[in-house]
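Residue-level structure breakdown
Each chain is listed here by its residues.
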Amino acid sequence: MEEYTLKPGQIGDPLNRVDGRLKVTGGARYAAEYNLPGITFGVLTTSTITKGRIRAIDTKAAEKAPGVLAVVTHKNSPKVPGYNAGTDNEGSRVYGQEFRVFYDDRIYYNNQPVALVIADTLERATYAASLVSVTYNEDKHQTNIKTQTEKAIKPERPEDYARGEANAYKKAPVRIEQDYHTPIHVHNPMEPHAATAVWETNDKVIVYNKAQGVKLAQKDIMKSFDLKAENVRIHSPFVGGAFGSSSRIWPQEMAAILGAKHVGRPVKVVLKRDQVFNMVGYRPRSIQKVGLGATADGKLIGVTHEAMGLTSTYEQFTERIVHPTKSLYSSPNLNAVYKLVPLDLSTPCWTRGPGESSGSFALESAMDELAYALNMDPLTLRLKNFADKDPENDKPWSSNFLKTCYEQGAERFGWSKRNPKPRSMRAGDMLVGMGMSAGIYKAERAPASARAKLLADGSLVVQSAAADVGPGTYTIMTQIAADTMGLPVGKVRFELGDSSFPQAPPQYGSHTTASVGSAVHDVCVALKQRLQELAINKQGSALYQASADDLVFADNAIRLKGRSNGVTYTEILKLNNLPELEVTKESKSGPEKETFSTKSFCATFIEVHVHPATGMVQVKRVVSAVDAGKIMNLKTARSQVLGSTIWGIGMALMEEGVIDHRFGRYMNKDLAEYHVPVCADTPDIDVILIDKPDPIVSPTGAKGIGEIGMVGFAAAVANAVYHATGKRIRELPITPDKLV
Amino acid sequence: MVIQASNSTVMKNRTFSVLINPGQAPPQAGRRDFLKQSSLLTALALTPSTVLQAAETVLGTEGSPTAENIPVVIEINGTSRSLSVEPRVSLLDLLREQLDMTGTKKGCDYGQCGACTVHVDGQRVLACLSLAVMMQGKQVTTIEGLAEGPERLHPMQEAFIKHDGFQCGYCTPGQIMSAVGCLREGHADTEAEIREYMSGNICRCGAYSNIIAAIEEVKKGGQKV
């Protein structure tokens, strides 16, 4: 029998990240860090107008510059067969015609790529890109949703919803009706988007990029270039943050692929920070109206939520902005309407806590306003309208610990010490405010596959085409496999980020753990089954002809229950003359899931200090109580909620992509002017993980944790600011100018 | 000075890049204030005159930037390297694109995010705002050279793993180099001080609480950093 130092590494253990060493030593390689032999550098030249056509594009000077191999524009770009597919974009996540790189002379948005300059060094490519001279025929553009609301359209993929009577809130004895605004948010992951493309043969391309979904990226490129799956390889083992911005193929991938085809060498294209602002999506500005009506004792009678988002002129980006409203509270009457305003901007994209974060800012601010109108505690109001089942479809919850979140959150925060009167609490000179909110987010599971390979030395390799953009997927999948197989974590390696691996859904929408985690679990169960068959059917095995019911899997071995004799996994392979044992398994939900509503929940409690003279707001204290099902790793899960908190603070107080509408161009397209939270902005954060398994969503009991902590967060801050100052801020971000 | 880069100006601005040391920021100054304080004059003062002359010659000749490489000797992670670089190559791009030392990250290229923090002669410096030719005769330490050897991590690296001071890992090398600098400068005595002196390094995943915990632990542990 072999001996291993066993560390349980069980599901739930706060195991250090298995990729931690690579990340702290600089050994983890990200998209722009594949310095392949013969590598060349591509730099994008971008449009200086917002709408119109290219009149002339002069690339002569750039082509003559030292080290330049080529300049690719719409005039000489290799053809993209998929670009001619027209607007029939069936199966695409976004309705419409995708933006076509170097396709024709049309300009749809400012800073749009118009040329790719390829040179032998980055410096030479960057300089030569400045020499490309473009003249335009400019058309009048519109980039301001506030002046274009009458142009709003109903999207082709509508999100409208109604139950009971429309606008019933208007007849309620106590009612509020208010408008709320959220601005453009830019994901701004620390790693700028990058892609290196290599054509191995005329019809086989390898792309090193940052992808939340390597299979999705593969599919997009297959479609564009009319290639078979085996001829498109996506490689993305490390992603330096994405938050939604790497959930589809963008210009840097297409430019690198086209450039590499043109020059016959590998081409690396890295976006500059200002290009990250409009080439890889953003959270669209929203204009929302919420009407709430209740009985005098606080029972909701009617809810109306009208939301408007912006999109580009070539695609209709829709998100789940009215979804929290549909399901969070019990109200017999509810109507939700969602419209889009097409503008001369690039297409938005899902951004952490997508839709739900913007929508819940309106809903949860309105709930606080209703609580004040009722003269009722905001937490009491929420408890009073707690939904025992999902009011959207009358399905029972698969699990719902929102009340536990309220209870434990309020207790830990000290909510009972709050004097509800605005401007009533102080700490020294500072006004103190306390606010809270609730959050709800879908807990989905998509079909996923995993391959498990047991090697002769007893170690296990598990592969799935998943991503780890930071939540700790490498680590928790390792834990799930180790726990299921009865192996120490040191004997398990999980691999992801390669399109040649078995199918996995992209890492967005908080469903990697439930989907890929289930596949990893199930493939390990299948592998155990195979090992068991081999162990009991092989003469010479210590378990020959043993009954399956008497067997246990632990410590790298199968043993008889309550006995020490058994056979190790390596011995089973040896006995059967197998160099390794491989099993691939697809895993998906059973039909019972359809009879339940599956969601994650949270309650957020926030204390702010506001300087009475300057209006400066500091978030001092956060208690975030989250019901995300069974927690796979208490350390990385807590970190996810810390991240949601920091994102929530950015959304509430700082972040806003500002466009100068005269020119249709971002004014704050860098990290000094687009403010994100820094270390000094970090409050005391108390994370409560309810950690109760969901019996329906996944066999591991996990729901999803990446987004939920952000849902409602900005409203909790706004509610705290109201409590501190008596001023209700209905347009994010809550900057000092709005408070003085 | 906040360098606004557009295609037409970025390379010219690069010539006037600024060597800044986040550790020298006044205690009360935020990241944004500090960036504004870094002046063009400082940049010129720090740039060797030969480089400026070379750069003027090159960039003054429209369309024919026949830049001549300049020999430099830089000690990188304890090894002396004799290199020949274009004057406009930043230390960051030298490391990443020419030496394949990709542990030092490019987050913004404008000195606003701290991802490229390295140590030059023991002080934290932003590699994206430092020209490679300015490193003549200097000692540069990157994340790859922080640990004593492959077997033994630096205490700050250990603490970052233990406290989960990162998620995606991209800002991490810069955070760790900055954290070591913060400690060496004597700016880690209180949590408030750590927050202030680590605010030049953005972490978009939001691992700040854990980063603070890691630095506090190393500080309390009293190990030599």
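Per chain, residue numbering runs from 1 following the sequence as it is written. Key to labels: chains lettered from A, ligands numbered from 1, both in the order written. Predicted model: local features are reported for residues with pLDDT of at least 70 only, side-chain atom pairs are reported and counted for 80 or more only, and whole-chain, interface and lining totals are derived from all residues. Excluded from the side-chain calculation are hydrogens and water; included are all heavy atoms of the structure.

Chain B carries the name Putative xanthine dehydrogenase yagT iron-sulfur-binding subunit in an unreviewed UniProt entry, which gives Fibrisoma limi BUZ 3 as its organism.

For chain A, an unreviewed UniProt entry supplies the name Aldehyde oxidase and xanthine dehydrogenase molybdopterin binding protein and the organism Fibrisoma limi BUZ 3.

**Structural notes on the domain arrangement of chain A**
All names here are of chain A. Once the domains are mapped, chain A shows domain 1 (31–140 + 193–270), domain 2 (351–358 + 377–444 + 594–738) and domain 3 (446–588). Here the bounds of each domain stem from an automatic or database domain assignment. Placing the centre of domain 1 and that of domain 2 at their C-alpha centroids yields a distance of 38 Å. We call two residues in contact whenever any of their non-hydrogen atoms come within 4.5 Å of each other. The partner domain 2 presents six residues to the six residues of domain 1 that form the contact. For any pair of parts, buried area is found by adding up, for both, the accessible area (1.4 Å probe) each one loses once the two are put together. Between domain 1 and domain 2 lies a buried interface of about 480 Å² when both sides are counted; carbon and sulfur atoms form 45% of it. A per-residue breakdown of the area domain 1 buries against domain 2 is headed by T50, N110 and F243, which together make up 80% of the total. A 3.5 Å cut-off defines polar contacts: any pair of N or O atoms within that distance qualifies, except that in protein one atom must be a possible hydrogen donor and the other a possible acceptor, and neighbouring residues in sequence count only when both atoms are side-chain atoms. The tally of links from domain 1 across to domain 2 stands at five residue pairs in polar contact (both at pLDDT 80 or more). Asp, Glu, Lys and Arg are counted as charged, while Ala, Val, Leu, Ile, Met, Phe, Trp, Tyr, Cys and Pro are counted as nonpolar; the rest, among them Gly, fall into the polar class. Considering only residue class, the side of domain 1 that touches domain 2 consists of one nonpolar, five polar and no charged.

**Quick notes on the interface of chain A and chain B**
Facing 74 residues of chain A, the contacting portion of chain B comprises 64 residues. Between chain A and chain B the total buried area reaches about 5700 Å² when both faces are included, carbon and sulfur atoms providing 54% of it. What counts as a salt bridge is simple: a side-chain nitrogen of Lys or Arg found within 4 Å of a carboxyl oxygen of Asp or Glu. Our count for the contact surface shared by chain A and chain B stands at seven salt bridges. Where chain A touches chain B, the interface holds 33 residue pairs in polar contact (both at pLDDT 80 or more). Every helix listed is a DSSP run of H or I at least four residues long, and every strand listed is a run of E at least two residues long, numbered separately from the N terminus. Elements with a contribution of two residues or more to the side of chain A that touches chain B: α1 (20–25), β1 (40–46), α3 (122–129), α6 (273–279) and α14 (634–654) of chain A. The element contributing the most residues to the side of chain A that touches chain B is α14(A), with nine residues. Residues of the side of chain A that touches chain B, tallied by class, amount to 33 nonpolar, 22 polar and 19 charged.

**What about the domain arrangement of chain B?**
Residues and elements named next belong to chain B. When the domains of chain B are assigned, the result is domain 1 (10–145) and domain 2 (155–221). The interface of domain 1 with domain 2 comprises 26 residues on the first partner and 20 residues on the second. Summed over both partners, the interface of domain 1 with domain 2 buries about 1700 Å², with 53% contributed by carbon and sulfur atoms. There are one salt bridge connecting domain 1 and domain 2. Note that R124 is salt-bridged to E185, the shortest N-O span being 2.8 Å. Here the side of domain 1 that touches domain 2 takes three residues from strand β3 (residues 117–120), the largest share from any one element. Looking at the side of domain 1 that touches domain 2, its residues break down into eight nonpolar, 13 polar and five charged.

**As for helix α6 (residues 155–162) of chain B**
Only protein chains enter the accessibility calculation, which uses a 1.4 Å probe. A residue is then buried if its area is under 20% of the maximum for its type, exposed if over 50%, and partly exposed in between. A large share of α6(B) lies buried, amounting to six of its eight residues. Along α6(B), the positions that sit buried rather than exposed are B:P155, B:M156, B:Q157, B:A159, B:F160 and B:I161. Turning to α6(B), the residues buried within the fold contact α1 and α14 of chain A together with α7 (172–184) and α9 (208–221) of chain B. In the stretch just after α6(B), B:D164 is the one whose phi turns positive, near 55°.

**Focus: the nonpolar core**
Residues and elements named next belong to chain A. Residues L460, V608, V717 and I734 are the most contacted members of the largest nonpolar core, which totals 246 residues. Element by element, the count of residues in this core is highest for helix α12 (residues 512–537), at eleven residues. Residues within four places of V608 in sequence aside, it is in contact with L431, V432, G433, V617, Q618, V619, K620, V717, A720, V721 and A724. Remark: nonpolar core denotes a set of buried residues (Ala, Val, Leu, Ile, Met, Phe, Trp, Tyr, Cys) joined through side-chain atoms within 4.5 Å. Of all hydrophobic cores here, the second largest spans 29 residues; its members include F41, I57, V71 and Y208.

**Looking at the environment of B:K138**
Residues and elements named next belong to chain B. As for its position among the elements, K138 is in the loop between β4 (123–126) and β5 (139–141). Along the backbone, K138 and S80 are 58 residues apart, and their C-alpha atoms lie at a distance of 9.6 Å. Here K138 is in contact with V73, I74, E75, V120 and D121, once residues within four sequence places are set aside.

**Describing the pattern of salt bridges**
Between side chains of opposite charge, a pair can form as their charged atoms come close. Applying the stated criterion across every chain, the model contains 45 salt bridges over all chains. Two residues, A:E315 and A:R248, come together in a salt bridge whose shortest N-O distance is 2.7 Å. With A:E315 in strand β16 (residues 315–316) and A:R248 in the loop between β12 (232–235) and α5 (251–263), this pair connects stretches of sequence that are 67 residues apart. For A:R285, the salt bridge identified is with A:E656, shortest N-O distance 3.3 Å. Separated by 371 residues along the polypeptide, A:R285 in the loop between α6 and β14 (286–294) and A:E656 in the loop between α14 and β31 (659–660) bring together distant segments of the chain. Using a relative accessible area of 13% as the deciding quantity, one classes A:R285 as buried. For A:E656, a relative accessible area of 25% puts it in the partly exposed group. Several salt bridges converge on common partners, so that one network encompasses A:D120, A:R124, B:E86 and B:R88.

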